[in-house]
Amino acid sequence: MIRHLLPVLLLFASGTAAQDVPPELEDAYQAWDRGDYVPALEGYLEALRGPDGARLLDRIALLTGDLFEVVEVTTDARDISVAPDGRFATFTYEEADRAMVGVVSLIAPVTIVDRFEGTAAQLGRNGVVAHFRVQATEELSDLRRELAGMSWRDPSYASAYVRLLWREAASADLFIRDVQTGREELIPLGSLLPVDMGWGDSGRTLFLVGSRGPDSGTNEIYAIEDGRLDRQPVVSGAGFKLAPRAAPGDRFLLYDRWDSDPLPRVGAASSRIFPSTVGFGLVDHAEDRVVAFDGTAISVSADGSTVAFLQREEGITLLRVATLTEGGVPETILASPHELDAPALSPDGSRVVYQKRVFDDWELYVATTRGEVTETRITTEIQHDLTPRFLDRERVLAMKGERRHRRSFIYDLRDGSRTKVLHNNTLRTVVPEYEWETEPGGSKIVIVADRDGDTVSPERGLYVVDLTRTVSAEAVAERIERNIAVETELMARGERMFRPIADAVRAATEAVSVQRIYRYEADLFAFDSKHVTRPGNLMAVEYLAETLRDFGYEPELEWFEPRGQRSANVIARLEGTVDPELVCTVSSHFDSSERGPGADDNTSGTAALLEAARVLFGKNLPISVELAFFTAEEAGLLGSREYVRRAQESGKRVVCALNNDMVGFAENHRLDNTIRYANAGIRDIQHAAASMFSDLITYDARYYQSTDAAAYFEAWGDIVGGIGSYPILGNPNYHMAGDRIGTINHQLVAEVSRATVASIMLLASSPARLTGLEVVAEGGGATVSWQPALETDVDRYRIEYVRSDGSGAVEMIDAAADRPTIRLEDVRAGSEIRVKAVNRRGLAGWDWARRQVGD
């Protein structure tokens, strides 16, 4: 086979590029691109209802949300799989501390048809599913409690984890279940410990990887037919095997070969942490032979004719292809100096798609596998494009972004179009996706996602996207009308909140200077890595302290020894004029990873905070504001946790917080970022702050884990918001040496600084959320009481509730009482009562105290 590389022939449009927008939508699209959503939506709605509405429907649907029909199957799912015949899918979840499996029919109507206790389910054809059920023992309970109480950074965590997985394997029974009847058959395994399994193509044979234990030095693959385990292994000998799967037609069985004993996949605790693969094996049943290949990332074509895999030799990555039906001799079709990964074959094996890292990020390419080889680039994104797979010969499904927030797209190789697969039909809330499986015919995609934007709760929804059915014009019109109403109310509510201090906020935000922000960035960048173990860390401490002194502050340096290295948080305090003992903290970490200077992570957030400190100096705010520059975030959130520890030890009363992290990556021309929040009230304030006082376009996601915001949450609950990169982590240079100042949009950093200044000024001027709310329901009414506000300038409280006839009601009471209370005579049972404090300036609390009647 001759290798011939072609230049880039196919550039894939984003689907929302200005030159790709029909003229009828141009004005609305330009408004959308600016983040001016209400006129944009009104323009889309007018076009949809106009004479060209049918022709424009798909484009308007994609611009505003879903194009394809989506079914939400359940709100809690993970570990999905789809049967080879495409009739069913499985997912796992937990119920009362038990590992459970759900089975979904993919034939309309899409619905859950079976649930049972089990784990590691494997679907075969005709509704047959193999699964393990781990027997509950006191030893397992103790091991799980031990692991739950440990940090993954604990030196003994790995050994405890491995011990748990092997004990789960030793306690596991194997069942084969008919999901249409619910009948199960227990498969006796004797002394074998199950490690992994997979069905043959016909669904008659289940292949089981069995081990004699963690110290056995090898494992084997066995066949189970008609409920009986054949004690003669299909594959034996030295080495470790995993992931047995049959190529279509059942002539060939493939499995992964590992360099050390792989962990069992049977336990509920398993998170797919395994040693690295060294190759794969191929069993040819027709010729009764086993062939071992060195290589990784094997892919098999849907017709079973072809395999593709990667090998690496002296800095060169080889993409190799073998035609199984012609002897299976691998041929190199591409030898690249660039890193390659995730090859996937088209259904007939004539094409292979893969990801290539040419510069900083992964891009997608497709190559022919037969005759003269041609290579074509599919994507030209700044973000990573990852894990491609063919839906059919002409369409590729792939993911974009970093693992904590990926989104799926379909690329059509015929016309270069790109189509987003899943949305949530809202303007602001982002949708992180985590898992994808496709129906073999390419007509349906099963996705696990946080469609509600809540990345913190353990629940993740399961969605089935039907690529054969697009949304109706009526559904899109209803979507647009709903979003116009939501967006109008969000902006109106923000204007009401800021009205008493809008002039002062505008004057402060207009003082933010992009030139100064660039100067801070350049100064900090010059220190190279600011990791706590590097000299640049202490240089940054000194620079931050000196810069804050130049602004007029007397910064406090919180010296301590994270990871045995001397470092300090740098704290600037703006003393409150009314209740100085109350504190609103706004923070960014200034340290970087060991690999580089961290221009985005997090010099960008540090520069935005420095400029906020400059323009806020001398402002009279009712409560104190602490501007905290944290060290050692990259070493495990050590700086923020030290700040919180000292605050709690000293009795500091932190009532609200913001944390900004990675705010400057120049992904495109849009000035956009994500509000990453724990508190919805703070989220809405930040949306309003961005819209009213900056050019920043804001999205949102409930997200604070693995950031310094987590330290606030752990100590004081959901009092925290902040801004981070969109989409959540879109920077391909994240934690890499390529995170350099040339990749930063300095205007974007300035807009984040403006939005932060505005948010701080409102939070520090408004009452905090009330505490101690109690509701006693009696006689069709309710007695409501709460603790007095912390602030001394509060003069009244606002109470909102629902009457028994469904109408809303508002009550106001004076703030003089030692224990504020009110009797409400007509309250709907089960409805929510909300209370806020209002101060003398007319500023209401930034979040409601809430309780349902009857709680």
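Keep in mind that this is a model prediction, so the values were computed, not measured.

(A) Just the overall build of the protein, in detail. The helix and strand tally for the protein stands at 14 helices and 48 strands. Relative to a compact globule of 855 residues, whose C-alpha radius of gyration would be 29 Å, the protein shows 29 Å and is just as compact. By its C-alpha atoms, the protein is 90 × 70 × 65 Å across when sized along the principal axes. Classification of the 855 residues of the protein by burial places 58% in the buried group. Look at the contacts in the protein between residues 6 or more apart in sequence, and 61% of them connect residues 24 or more apart. Taking the average location of the 93 positive side-chain charges in the protein and that of its 132 negative ones, the two points are 0 Å from each other.

(B) Region of the structure containing the packing of helix 8 (residues 514–525) against helix 14 (residues 746–765). Contact geometry for helix 8 and helix 14: axes closest at 9 Å, N-to-C directions at 110°. Taken as axis vectors, helix 8 and helix 14 run roughly perpendicular relative to one another. Along the contact surface, helix 8 presents Val514, Ile517, Tyr518 and Glu521, while helix 14 presents His746, Gln747, Val749, Ala750 and Ser753. Residues of the contact of helix 8 with helix 14, tallied by class, amount to five nonpolar, three polar and one charged.

(C) A look at helix 3 (residues 53–64). Of all the residues in helix 3, the buried ones are Gly53, Leu56, Leu57, Arg59, Ile60, Ala61, Leu63 and Thr64. Phi turns positive one or two residues past the end of helix 3, at Gly65, with a value near 160°.

(D) Here's a closer look at unusual backbone geometry. Cis peptide bonds are those with omega within 30 degrees of zero, and the linkage from Ala108 to Pro109 qualifies with 0°. Relative to the elements of secondary structure, Pro109 occurs in the loop between strand 4 (98–105) and strand 5 (111–117). Looking along the chain, the bond that leaves Asp601 and enters Asn602 is cis, with omega of 5°. For Asn602, the location among the structural elements is in helix 10 (residues 599–616). At Asp288, a residue that is not glycine, the phi angle is positive and equals roughly 50°. Its location among the elements puts Asp288 in the loop between strand 16 (277–284) and strand 17 (289–294). Positive phi values are uncommon outside glycine, yet Arg563 reaches one of about 55°. Among the secondary structure elements, Arg563 is positioned in the loop between strand 33 (556–560) and strand 34 (567–574).

(E) Structural view of the sheet that holds strand 25 (residues 375–377). What the four strands build is an open sheet, ordered 22-23-24-25; its pairing is antiparallel. At either end of the open sheet lies a strand with only one pairing partner, and these are strand 22 (339–345) and strand 25. Taken pair by pair, the neighbouring strands of this sheet meet at an average axis angle of 30°, ignoring direction. Here strand 24 (residues 362–368) runs beside strand 25; their pairing, made up of three bridges, is antiparallel. Its bridge partner lying in strand 25, Val366 is registered against Thr376.

(F) Up close: the pattern of salt bridges. Tallying each qualifying case throughout the model produces 64 salt bridges. The shortest N-O distance in the salt bridge between Arg265 and Asp196 comes to 3.3 Å. Of this pair, Arg265 sits in the loop between strand 15 (252–258) and strand 16 while Asp196 sits in strand 10 (residues 193–199); the two residues are 69 residues apart in sequence, bridging distant segments of the chain. Exposure remark for Asp196: the relative accessible area of 6% places this residue in the buried category. For the salt bridge of Arg850 with Glu832, the shortest nitrogen-to-oxygen distance reads 3.3 Å. With Arg850 in strand 48 (residues 849–852) and Glu832 in strand 47 (residues 832–839), the pair connects residues that are 18 residues apart, well separated along the chain. Accessibility expressed as a relative area gives 33% for Glu832, which makes it partly exposed. Linked through salt bridges whose partners overlap, the residues forming this network are Glu489, Arg493, Arg496, Arg683 and Asp684.

(G) Broad picture of the nonpolar core. Core analysis: the largest hydrophobic core is formed by 88 residues, its most contacted members being Phe498, Leu548, Tyr553, Leu627 and Phe629. Considering every element that reaches this core, the biggest residue donor is helix 14, with twelve residues. Excluding residues that lie within four positions of it along the chain, Phe498 makes contacts with Val505, Ile685, Ala688, Ala689, Met692, Phe693, Ala758 and Leu762.

(H) Inspection of the packing of helix 3 against helix 6 (residues 473–498) at higher detail. Relative orientation of the contacting elements helix 3 and helix 6 amounts to 35°, with a least axis distance of 10 Å. Where helix 3 crosses over helix 6, the two elements pack in a sense that is left-handed. Touching Leu57, Ile60, Ala61 and Thr64 of helix 3 are Ala473, Val476, Arg479 and Ile480, all from helix 6. Counted by class, the contact of helix 3 with helix 6 contains six nonpolar, one polar and one charged residues.

(I) Representation of the packing of aromatic side chains in the model. Summed over the entire model, instances satisfying the criterion amount to 17 aromatic pairs. Each member of the aromatic cluster is reached from another via a ring pair, and the members are Phe630, Tyr643, Tyr712 and Trp716. A cation over a ring is seen here: Arg418 above Phe409, with NZ or CZ 4.2 Å from the ring centre.

(J) Expanded view of the side chain of Ser171. Relative to the helices and strands, Ser171 resides in the loop between helix 5 (157–170) and strand 8 (172–178). By relative accessible area, which is 7% here, Ser171 ends up buried. Only 3.0 Å separates the side chain of Ser171 from the backbone oxygen of Arg167, close enough to count as a polar contact. When residues no more than four places from it in sequence are discounted, the contact partners of Ser171 are Arg133, Val134, Gln135, Thr137 and Leu140.

(K) Molecular detail of the pairing of strand 9 (residues 184–187). Two elements, strand 8 and strand 9, share four bridges in a ladder whose sense is antiparallel. Considered in strand 9, the bridge of Ile176 is made with Glu185.

(L) Here's a closer look at helix 2 (residues 37–48). Under the 1.5 Å per step criterion, the end-to-end length of helix 2 is 16 Å for twelve residues, consistent within 8% with the ideal 16 Å. Residues of helix 2 that are buried: Tyr37, Ala40, Leu41, Tyr44, Leu45, Ala47 and Leu48. The buried residues of helix 2 occupy an angular sector of 165° when projected down its axis, which confines them to one face. The elements touched by buried residues of helix 2 are helix 1 (26–34), helix 3, helix 6 and strand 39 (697–702).

The rules behind each value
- Residues numbered from 1 in each chain as written.
- Predicted model: local features only at pLDDT ≥ 70, side-chain atom pairs only at ≥ 80, totals over all residues.
- Heavy atoms only, no water.
- Helix = DSSP H or I, 4+ residues; strand = E, 2+ residues; numbered from the N terminus.
- Rg over C-alpha atoms; globule rule 2.2 N^0.38 Å.
- Buried < 20%, exposed > 50% of the residue type's maximum accessible area, 1.4 Å probe, protein only.
- Contact = heavy atoms within 4.5 Å.
- Lys, Arg positive; Asp, Glu negative; His and termini not counted.
- Charge placed at Lys NZ, Arg CZ, Asp CG, Glu CD.
- Axes fitted to C-alpha atoms, helices over the stretch in contact; angles between N-to-C directions.
- Parallel < 35°, antiparallel > 145°, perpendicular 65-115°, else oblique.
- Nonpolar A, V, L, I, M, F, W, Y, C, P; charged D, E, K, R; others polar.
- Pairing = 2+ DSSP bridges.
- Salt bridge = Lys/Arg side-chain N within 4 Å of Asp/Glu carboxyl O.
- Core = buried A, V, L, I, M, F, W, Y, C linked by side-chain atoms within 4.5 Å.
- Left-handed = near helix turned anticlockwise from the far one by under 90°.
- Phe/Tyr/Trp six-rings, centres within 6.5 Å; stacked < 30°, edge-to-face > 60°.
- Lys NZ or Arg CZ within 6 Å of the ring centre and 35° of its normal.
- Polar contact = N/O pair within 3.5 Å; in protein donor to acceptor, adjacent residues only side chain to side chain.
- Expected span 1.5 Å × (residues − 1).
- Arc of directions from axis to C-beta.

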